[in-house]
Amino acid sequence: MSSVTAPRVLSGIQPTADSFHLGNYLGALRQWVALQDTHEAFYCVVDLHAITVEHDPAALRRRSRVAAAQLLAMGVDPDRAAVFVQSHVPEHTELAWVLGCLTGFGEASRMTQFKDKSAKYGASATTVGLFTYPILMAADILLYTPEPGEGQVLQVPVGEDQRQHLELTRDLAQRFNHRFGETFVLPTAYIPEDAAKITDLQEPTVKMSKSASSPQGIVEVLEQPSTMRKKIMRAVTDTGSEIRYDEENKPGITNLLRIYAALEGVPVAELERRYEGQGYGQFKKDLAQLLLDTFTPIRERTEKLLEDDKQLDRILADGAARAGAVAARTMEIVRERVGFVGRGL
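These figures come from a predicted structure and were not determined experimentally. (Residues numbered from 1 in each chain as written. Predicted model: local features only at pLDDT ≥ 70, side-chain atom pairs only at ≥ 80, totals over all residues. Heavy atoms only, no water.)

### Comments concerning the domain arrangement of the chain
This is how the line gets drawn: Throughout the structure description, domain borders are defined by an automatic or database domain assignment. When two components associate, each loses some accessible surface as probed by a 1.4 Å sphere; the sum of these losses over both components is called the buried area. Criterion for a salt bridge: a side-chain nitrogen of Lys or Arg within 4 Å of a carboxyl oxygen of Asp or Glu. In the analysis that follows, any N or O atom pair within 3.5 Å is treated as a polar contact, provided that within protein one partner can donate a hydrogen and the other can accept it, and provided that, for residues neighboring in sequence, both atoms belong to side chains. Each helix is a run of DSSP H or I of at least 4 residues and each strand a run of E of at least 2, with the numbering of both proceeding from the N terminus. Residues are sorted three ways: Asp, Glu, Lys and Arg are charged, Ala, Val, Leu, Ile, Met, Phe, Trp, Tyr, Cys and Pro are nonpolar, and all the rest, Gly among them, are polar.
For the chain, the domain assignment lists domain 1 (8-195 + 309-338) and domain 2 (225-304). Spacing between the C-alpha centres of domain 1 and domain 2 amounts to 32 Å. Across the domain 1/domain 2 interface, buried area totals approximately 760 Å², and carbon plus sulfur atoms make up 77% of it. Considering only the surface of domain 1 that becomes buried against domain 2, Leu22, Tyr25 and Ala73 emerge as the three largest contributors, covering 55% of it. Linking domain 1 to domain 2 there are 0 salt bridges. Taken together, domain 1 and domain 2 are joined by 2 residue pairs in polar contact (both at pLDDT 80 or more). Secondary structure elements with two or more residues in the side of domain 1 that touches domain 2: helix H1 (22-35) and helix H3 (57-74). Examining the composition of the side of domain 1 that touches domain 2, we find that 5 residues originate from one element, H3, more than from any other. Of the residues assigned to the side of domain 1 that touches domain 2, the class counts are 7 nonpolar, 1 polar and 1 charged.

### Points about H1
To be explicit about the condition: Multiplying one less than the number of residues by 1.5 Å gives the expected span of a helix. Bend at a given residue is defined as the angle between two axes, one fitted to the seven residues that end at that position and one fitted to the seven that begin there. Remark: exposure states derive from per-residue accessible area (1.4 Å probe, protein chains only) relative to the maximum for the residue type, with buried under 20%, exposed over 50%, and partly exposed in between.
Under the 1.5 Å per step criterion, the end-to-end length of H1 is 19 Å for 14 residues, consistent within 8% with the ideal 20 Å. Roughly 40° is the biggest bend found in H1, and it falls at Ala28. Along H1, the residues that are buried comprise Leu22, Gly23, Tyr25, Leu26, Leu29, Gln31, Trp32 and Leu35.

### Digging into the packing of helix H10 (residues 251-264) against helix H12 (residues 280-306)
What counts here: Angular values range over 0 to 180 degrees, each being the angle between N-to-C directions of two axes fitted as lines to C-alpha atoms, with helices fitted over their stretch in contact. For this classification, under 35 degrees means roughly parallel, over 145 means roughly antiparallel, 65 to 115 means roughly perpendicular, and everything else is oblique. Handedness of a helix crossing follows the sense of rotation of the near helix relative to the far helix, less than a right angle counterclockwise being left-handed and clockwise being right-handed. Any two residues having at least one pair of non-hydrogen atoms within 4.5 Å are treated as being in contact.
Interaxial distance between H10 and H12 falls to 10 Å at its minimum, and their mutual angle equals 40°. Between H10 and H12, the crossing angle belongs to the class labelled oblique. Handedness of the H10/H12 crossing: left-handed. Along its contact with H10, which presents Ile253, Leu256, Leu257, Ile259, Tyr260, Leu263 and Glu264, the element H12 presents Tyr280, Phe283, Lys284, Asp286, Leu287, Leu290, Leu291 and Thr294. Taken together, the residues of the contact of H10 with H12 break down into 11 nonpolar, 1 polar and 3 charged.

### Let's talk about the sheet that holds strand S2 (residues 40-45)
Here is the rule: In this scheme, strands are said to pair when DSSP sees at least two bridges between them.
Within the open sheet, the 5 strands sit side by side as S3-S2-S1-S4-S5. Their pairing is parallel. The open sheet has two edge strands, strand S3 (81-85) and strand S5 (188-190), and neither has a second partner. Shown here is a sheet whose adjacent strand axes are inclined to one another by a mean of 25°, direction ignored. The pairing of strand S1 (residues 8-13) with S2 spans 6 bridges and is parallel. Looking at the pairing, Ile13 lines up with Val45 of S2.

This is the structure in structure tokens:
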């Protein structure tokens, strides 16, 4: 029986933009920083996922480093968490192949994100990689399984749009365990209590998203202060001037209240009392300043990290070595149980 250790957590983010945005930060990345205090954390920049659609190689390389630098600038500590680039650990793709051979075609076809993206791009531009994306995601997670045993935990921070992929991961882990013996701990969703649902500044009924939002609807972590301030001041609000949380009738000001409450760490009700009798103008001005106070230090630290590519690459190499040691052990067990011939000496 293995001894119980700190729960493991695995999460990844795609390097598909020049900056993370406010929704990424409040919905996930801020929680990554907190989790490294209580979990054995593995955080990866998922560049393999980023090539499932057409991309520019130079941009991918640059954005992968920018993504890693932002994670470090936000407070992810490479001494406490393994920070690495997905393609630096080749076991991700090896396990994805094994799991793909356990996945039914119909099972993969039912993945909602594939159906949505294939409808968006059309059949001629929809790649096999996009179809098998959830299987690679399952491999990303299961590579970092602790040794099965009582009390062992593998957690994955997920939003609603990733729940289906996590269920597939659990199904594949159970299927492998049933056919080949207990190998994988079934991963569970980690849903932090303070994760904020952030919507588009111009269309506050839809999620803030790089793929769906207009440039004016997104606040980027690395954008200049003047641009950030303008976006908040021009954010869509609602009829009337009362600063009140009401998702149905006042979605604009409700979104801004969520952002403010999450950044300052106060209840929405306290903000409603604070701004009682005041109009939207002062509220937006204060929110814009709070955003600048939060993101300016992160932008400055990111820029400093990017000035020294070699040091950043060393941090990523160290993270890949730590992640790779765990991944190699997992794949050693998987190969033996599947029936592959050992390499020998």
